[in-house]
Amino acid sequence: MKKLGNNYIIIICLLLLFSCDDQLNVEPTLSISEETALTSEANVKKLLIGVYQIDGSRNSHGGYVQIMSDLLGSDKHVSWNGTFTEPREALTKTMVVNNFLIAVIWNNLYKVISQCNLVLDNLNLISDSAEKSRIEGEARFLRAFNYFELVRLYGNEVKGVPLRLKSISDYGGDLNISRSIASEIYTAIQDDIDKAIAMLPDENDFFADKYAALALKARVNLYVGKYAEARDAAHLVISNNKYSLSASFEDAFNHDANGEEDIYAMQVTSQSGENQLIQMYASEGNGGRGGDISINQAYLDIFDDPNDERGHFYYENEKGDLLSSKYTNQFGNVPIFRLAEMILIRAECNQRLNTSIGNKPLDDVNAIRDRSGANKLSSISLVKIIEERQRELAFEGFAIYDIKRIKANIAGFPYNSPKLVMPIPQAEMDANKLMEQNDGY
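Residues numbered from 1 in each chain as written. Predicted model: local features only at pLDDT ≥ 70, side-chain atom pairs only at ≥ 80, totals over all residues. Heavy atoms only, no water.

> Now, about the pairing of strand E6 (residues 334–338): what can you tell me, with residues and values included?
Counting buried positions over the five residues of E6 gives five, a clear majority of the element. Two strands pair when backbone bridges link them, and strand E2 (residues 262–266) and E6 are joined in this way by four bridges, in the antiparallel orientation. Within E6, the position partnered with Ala265 by the bridge is Pro335. (Buried < 20%, exposed > 50% of the residue type's maximum accessible area, 1.4 Å probe, protein only. Helix = DSSP H or I, 4+ residues; strand = E, 2+ residues; numbered from the N terminus. Pairing = 2+ DSSP bridges.)

Below you can see the structure in the form of structure tokens.
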């Protein structure tokens, strides 16, 4: 492959050209090869920009990760009306090993990780110490974020996923790799996050900054049950006064640029970026396929106040189906971390620990409710906080993860059912002799 020049468009075109590589053991997105292109500081920086492009594609945090995890964690709240069978398999808990979307999610998450490994292994090319620290922090944040998705979607409390923390230099060698245990994956994730927090600046345009890394730390620690760590990280995000709740619930979504409560978002414009959530949630008039995913009465029943804006945050398509109003701007950014999530994490962790760091749990929850016009609660409990998460964060990719961490049931399946874990893609099983399939597949 020819050495890349200084044209950013070439980088993106090559990233897209090689996006069809579909196995963990295939050299990831050969837009820049280690031998020919990673020979200058400029090219390392370009490679990092390309990582954001990969991570924000429809096959990952541009939509499919959130869509599949929400369908997997749903029962009667939504219906799948689309013609594609792959999302329907997630909703009905009948996934198969050759599910195309499950494969492209796996591939894309590992492409991000592989490119991050290349960046991290070539930091010596960065001359300025501050720039080097920032680039390392961003790469570690992105690697941790993608491993977190992988281990939750394709792993369980014991089984993890293959762990590669170094770039591959010899693609002619033995590339077979076994699955690491889940605890090893989480150790690597936590290490990357802590280093990212220390290295990232407070401000970094729309790229990952210190507070995005702190938000990821809060989310990860909530999921693994380290509540003090989750609470403290969320509190640091909230208390820095960089973000504020939008004036209304509606104002929190469909932004052309990051909104006041967006801590980190995937960037979408008419020229670049992808918002697959629009494709599957929106009507044709709003740029979607007409309403592949529609809201059912069971979802509306979770709202306890008729004045709650969130309980009316939908519209009808041409067929009379109810569609979420969270996704109506075809070129709107995809929110990844919002301030509302951090407030709910702090409230839940304070409630679990009987503490009031930053605020009382009741006051935090009421701040969220007040913003949406819902009546304030007079008392608080863990159950009420979990219910508030359902109302506030619906259709943003949290459903199956909350089911698993609170050990609830969904569609008659217990939280630890193999049916709630995605299968390892068949192509990966065929390519990797050491790969072990998930139970039940």
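> Lay out the packing of aromatic side chains with the relevant residues and their values.
For the structure shown, the criterion picks out 20 aromatic pairs. The interplanar angle of 80° and the centroid separation of 6.4 Å between the aromatic rings of Tyr211 and Tyr243 together place this pair among those described as edge-to-face. Taken together, the residues Tyr211 in helix H8 (residues 210–224) and Tyr243 in the loop between helix H9 (227–239) and E2 connect sequence positions 32 residues apart. Neither Tyr211 nor Tyr243 differs from the other in exposure class; each is buried. Their ring planes at 85° and their centres at 5.3 Å tell us that Tyr299 and Phe303 sit as a pair that is edge-to-face. (Phe/Tyr/Trp six-rings, centres within 6.5 Å; stacked < 30°, edge-to-face > 60°.)

> Can you tell me about helix H6 (residues 129–154), naming the residues and giving the values?
When the terminal C-alpha atoms of H6 are compared, their 37 Å separation across 26 residues agrees well with the 38 Å that a helix rising 1.5 Å per residue should span. Of all 26 residues in H6, 21 are buried, a share of seventy percent or more. Sitting at the head of H6, Asp128 places a side-chain oxygen 3.1 Å from the backbone nitrogen of Ala130. (Expected span 1.5 Å × (residues − 1). Polar contact = N/O pair within 3.5 Å; in protein donor to acceptor, adjacent residues only side chain to side chain.)

> Give me the packing of helix H12 (residues 339–353) against helix H14 (residues 382–393): which residues, what numbers.
H14 packs onto H12 with a crossing angle of 170° between their chain directions and a minimal axis gap of 10 Å. For the element pair H12 / H14, the angle class is roughly antiparallel. Along the contact surface, H12 presents Ala340, Glu341, Leu344, Ile345, Ala347, Glu348, Gln351 and Arg352, while H14 presents Leu382, Ile385, Ile386, Glu388, Arg389, Glu392 and Leu393. When grouped by side-chain class, the residues that make up the contact of H12 with H14 number eight nonpolar, one polar and six charged. (Axes fitted to C-alpha atoms, helices over the stretch in contact; angles between N-to-C directions. Parallel < 35°, antiparallel > 145°, perpendicular 65-115°, else oblique. Contact = heavy atoms within 4.5 Å. Nonpolar A, V, L, I, M, F, W, Y, C, P; charged D, E, K, R; others polar.)

> Tell me about the nonpolar core, residues and numbers included.
If you look at the biggest cluster of nonpolar residues, it comprises 114 residues, and the most contacted ones within it are Phe141, Tyr154, Ile189, Tyr264, Phe337 and Met342. No other element matches the 13 residues that helix H5 (residues 100–121) contributes to this core. Discounting residues that sit within four places of it in the chain, Met342 has contacts with Ala215, Ala218, Ala234, Val237, Ile238, Ile263 and Phe337. (Core = buried A, V, L, I, M, F, W, Y, C linked by side-chain atoms within 4.5 Å.)

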